[in-house]
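Now for the letters of each chain:
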Amino acid sequence: MDLEDVVLVQTDQSDESLDNVRVDRARLDDVQLTGASLREAVWRDVRVERGDLSGAVLAGAMFSRVEVTGARARGVVLAESDLRDVRFDECQFGDANFFGTTFERCVFIGCNLVDADFSNAKFKEVAFERCDLTRAQFQAARCDRTSFDQCDVDELRGLDGLRGSVVSSDAMIPLAARAFAALGITIEHPDPPVV
């Protein structure tokens, strides 16, 4: 199925099988895709406002020049996908699966990425700004010109995957503490001097 030059408003495609769908030059406004199968989808020049992608399977998808704002996408599967020039703004990506996905010139702004899996992902010119990355997994990821600015990185996993990235100073202490713990280094607090 191909969708070109369309505007879809408050459409419900939950639990539908829409594999191999091509969406070009479209706007999806408050579209419900909860639990839908969208494997190998190709989205170009698409704007998504609100809506729900929770539990949707978009494995092997290709997104180019896509903007997603205010969407719910808890548990979405975007594994082994190719995302280029994509912007996610204020989205709910808790438990999302981005395993093995390639991100190029992408930005996540104000997104909830708690427990998201970025294992084996490749990042090139990617920015995470004001995101909650609590318990997010970056095991074996590769970062090239990737930045983390004002993000919550509490309990972030797979620190080796952050090699080559840039973190803001507010994330330095939590990440250093996790790195020390992973290396078995104990931080000792000296007793205050007696006066």
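Structure: above.
Focus on the nonpolar core
Next up, step 1: Judged by nonpolar contacts, the single largest core of 54 residues is most densely connected at Trp43, Phe93, Leu113, Phe118, Phe128, Leu133 and Phe138.
Next up, step 2: For this core, the secondary-structure elements that each account for two or more residues are β3 (22-29), β4 (42-49), β5 (62-69), β6 (82-89), β9 (122-129) and β10 (142-149).
Next up, step 3: Residues in contact with Leu133, not counting those within four places in the same chain, are Leu113, Phe118, Phe128, Phe138, Phe148, Cys151, Asp152, Val153, Asp154 and Leu156.

Details of empty space enclosed by the protein
Next up, step 1: Per the counting criterion, the structure on display carries two cavities of 30 Å³ or more.
Next up, step 2: Considering only enclosed or pocket space, the largest cavity measures out at about 50 Å³ in volume.
Next up, step 3: Every residue lining the largest cavity is listed: Trp43, Leu53, Leu58, Phe63, Val68, Ala73, Val76, Leu78, Phe88 and Phe93.
Next up, step 4: Looking at the lining of the largest cavity residue by residue, the class counts come to ten nonpolar, no polar and no charged.
Next up, step 5: Roughly 40 Å³ of volume is contained in the second largest cavity.
Next up, step 6: Lining the second largest cavity are Leu28, Val31, Leu33, Trp43, Val48, Arg50, Gly51, Asp52 and Leu53.
Next up, step 7: Partitioned by chemical class, the residues of the lining of the second largest cavity number six nonpolar, one polar and two charged.

A word on the packing of aromatic side chains
Next up, step 1: All told, the structure shown has 21 aromatic pairs when counted by the stated rule.
Next up, step 2: Their ring planes at 80 degrees and their centres at 6.2 Å tell us that Phe128 and Phe138 sit as a pair that is edge-to-face. Separated by ten residues along the polypeptide, Phe128 in strand β9 and Phe138 in the loop between β9 and β10 bring together distant segments of the chain. No difference in accessibility class separates Phe128 from Phe138, as the two residues are buried.
Next up, step 3: Measuring from ring centre to ring centre gives 5.8 Å for Phe138 and Phe148, while their planes differ by 80 degrees; the resulting arrangement is edge-to-face. You can see Phe138 sitting in the loop between β9 and β10 and its partner Phe148 sitting in strand β10, a full ten residues away along the chain. Judged on exposure class, the residue Phe138 and its partner Phe148 are both buried.

Remarks on the layout of surface pockets
Next up, step 1: One number sums up the size of the largest pocket: a volume of about 170 Å³.
Next up, step 2: Leu3, Leu8, Gln13, Leu18 and Leu33 are the residues nearest the centre of the largest pocket, which is lined by 13 residues in total.
Next up, step 3: Grouping the constituent residues of the lining of the largest pocket by class yields eleven nonpolar, two polar and no charged.

The rules behind each value
- Residues numbered from 1 in each chain as written.
- Predicted model: local features only at pLDDT ≥ 70, side-chain atom pairs only at ≥ 80, totals over all residues.
- Heavy atoms only, no water.
- Core = buried A, V, L, I, M, F, W, Y, C linked by side-chain atoms within 4.5 Å.
- Buried < 20%, exposed > 50% of the residue type's maximum accessible area, 1.4 Å probe, protein only.
- Helix = DSSP H or I, 4+ residues; strand = E, 2+ residues; numbered from the N terminus.
- Contact = heavy atoms within 4.5 Å.
- 1 Å grid on protein atoms, 1.4 Å probe; cavity = no way out; pocket = protein on both sides within 12 Å on 5 of 7 lines; lining within 4 Å.
- Points joined across faces, edges and corners; volume = space filled by probe spheres on them.
- Nonpolar A, V, L, I, M, F, W, Y, C, P; charged D, E, K, R; others polar.
- Phe/Tyr/Trp six-rings, centres within 6.5 Å; stacked < 30°, edge-to-face > 60°.

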